[in-house]
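Architecture at a glance
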Amino acid sequence: MDFVQKLFFESPIYLGFFSFVLFGVSLLVRRARRETLGRWIAPATVGLIVLLFVSQSLVVTQREQILGAADRFISAVENRNTAALRAIISETYESEGMDAAAIIAYIDGALERISIYDTRTHRRDVTVDGNRAEMLLAARATVRIGGDVGQMHWGSWRLGWAREGDAWWITSIRPIMIDGIEFRSLGELRGQIP
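Notes on the structure in this doc start here. Per chain, the residues get numbers from 1 upward, laid out in the order the sequence is written. In keeping with the model being predicted, local features are shown solely for residues with a pLDDT of at least 70 and side-chain atom pairs are shown and tallied solely at 80 or more, while totals for entire chains, interfaces and linings include all residues. Side-chain descriptors were evaluated using all non-hydrogen atoms of the structure, hydrogens and water having been removed beforehand.

Focus: the overall build of the protein chain
What the protein chain contains, in helices and strands, is seven helices and five strands. A run of DSSP states H or I qualifies as a helix once it reaches four residues; a run of E qualifies as a strand once it reaches two. Both are numbered from the N-terminal end. Mapped in sequence order, the helices and strands of the protein chain form the string α-α-α-α-α-α-β-β-β-β-β-α. Restricting the calculation to C-alpha atoms gives the radius of gyration, and the globule rule supplies 2.2 Å times the number of residues raised to the power 0.38. Against the globule reference of 16 Å for 194 residues, the protein chain gives a C-alpha radius of gyration of 22 Å, more extended than a compact globule. With the C-alpha coordinates of the protein chain rotated into their principal frame, the extents come out at 75 × 40 × 25 Å. Expressed as a percentage of its 194 residues, the buried residues of the protein chain come to 36%. In what follows, residue pairs with any heavy atoms lying within 4.5 Å of each other are defined as contacts. Considering only residue pairs separated by 6 or more positions, the protein chain has 53% of its internal contacts joining residues 24 or more positions apart. Carbon and sulfur atoms form 58% of the exposed surface of the protein chain, whose accessible area is close to 11,800 Å². The protein chain carries 22 positive and 22 negative side-chain charges, and their two centres are separated by 10 Å. Only protein chains enter the calculation, and the probe is 1.4 Å; a residue is then buried if its accessible area is under 20% of its type maximum, exposed if over 50%, and partly exposed in between. In short, Shrake-Rupley with a 1.4 Å probe defines the accessible areas, and a residue's cover is counted only from the protein chains shown. In this count, Lys and Arg are taken as positive residues and Asp and Glu as negative ones, while His and the chain termini are left out. Charge coordinates come from a single atom per side chain, which is NZ of Lys, CZ of Arg, CG of Asp or CD of Glu.

A look at the pairing of strand β3 (residues 151-164)
Any two strands with at least two DSSP-identified bridges between them are counted as paired. Alignment of strand β2 (residues 132-145) against β3, held across twelve bridges, turns out to be antiparallel. Looking at the pairing, L137 lines up with W157 of β3. In textbook terms, the turn of a hairpin is the stretch between consecutive antiparallel strands, and for β2 and β3 this stretch comprises five residues, one of which, G146, has a positive phi near 60°. As paired elements, β3 and strand β4 (residues 167-178) share ten bridges and run antiparallel to each other. Counted as the bridge partner of S156 is M177 from β4. Following β3, the chain reverses through two residues before pairing antiparallel with β4; G165 in that reversal takes a positive phi of roughly 70°.

Considerations on the side chain of T119
When you line up the elements, T119 lands in strand β1 (residues 114-129). According to the relative accessible area criterion, T119 is buried, its value standing at 17%. At 2.7 Å, the side chain of T119 and the side chain of E78 are in polar contact. Among all residues touching T119, those that are not within four sequence positions of it are I74, E78, A139, R140 and A141. Counted as a polar contact is a pair of N or O atoms within 3.5 Å, where, for protein atoms, one must be capable of donating a hydrogen and the other of accepting one, and residues adjacent in sequence contribute only when both atoms are in side chains.

Digging into the pattern of salt bridges
A carboxyl oxygen of Asp or Glu within 4 Å of a side-chain nitrogen of Lys or Arg is what we treat as a salt bridge. Scanning all chains against the criterion turns up four salt bridges. A salt bridge links D125 to R123, with the shortest nitrogen-to-oxygen separation between them at 2.4 Å. Of the residues examined, D125 reaches a relative accessible area of 35% and is grouped as partly exposed. Here R158 and E134 are joined by a salt bridge, their closest N and O atoms 3.0 Å apart.

Notes on the sheet that holds β4
The pairing of strands in a sheet comes from backbone hydrogen bonds and takes either a parallel or an antiparallel form. A sheet is described by the order of its strands in space; here five strands give the open sequence β1-β2-β3-β4-β5, paired in antiparallel fashion. The two strands at the open ends of the sheet, each matched to only one other strand, are β1 and β5 (181-182). Across two bridges, the pairing between β4 and β5 is antiparallel. The residue bridging I178 from the neighbouring strand is I181, located in β5. On the sheet, helix α4 (residues 62-78) packs against β1, β2, β3 and β4 and is oriented at approximately 160° with respect to β1. For helices, the axis comes from a line fit to the C-alpha atoms of the stretch in contact; other axes are also lines fit to C-alpha atoms, and the angle between any two N-to-C directions lies between 0 and 180 degrees.

Okay, here's the thing in structure tokens:
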């Protein structure tokens with residue numbers, strides 16, 4: 001089901017490849033049945049392909065909503081925007097003994113000492129299960145400590161999400177690995193951030 005959803009609603013590349021194959025098949029059918037089906041199959045296939053692309057642009061899946069919220073979270077961190085963080089982190093946030101206010105204070109405290117910019121995500125796997133979801137996020141970013149020159153760092157994170165109303169909210173943030181060093185909690189990471 002995930003593949004079908006990605007094919008028809010999330011990935012223009014997959015849909016483009018599917019459309020190419022579909023149109024090729026329609027040309028073969030047209031060639032084999034010129035008198036009956038062949039007259040209408042190519043224009044009907046083009047119409048179907050256009051309809052599929054229009055549908056894909058109009059439908060926003062839950063996975064796409066989460067990916068959009070993750071992009072807003074990354075932007076809020078890069079811009080040190082506490083208000084934007086509050087708009088993404090759930091009031092029901094509960095992870096490692098921290099609530100929403102504590103995680104926002106943790107992030108704000110870290111961002112007082114460091115600057116994060118030029119973030120590029122490499123992996124954004126989202127698994128949706130009803131009103132809950134989990135994201136495995138791998139990214140690299142330039143990090144500047146104090147006034148020093150920025151250095152490239154990479155890491156992977158596990159983010160928990162919950163659907164509240166019409167929006168997806170972050171309910172947990174856990175580091176997995178930063179610069180090749182494994183972490184099990186934000187508490188362990190706290191000692192590594194200056």
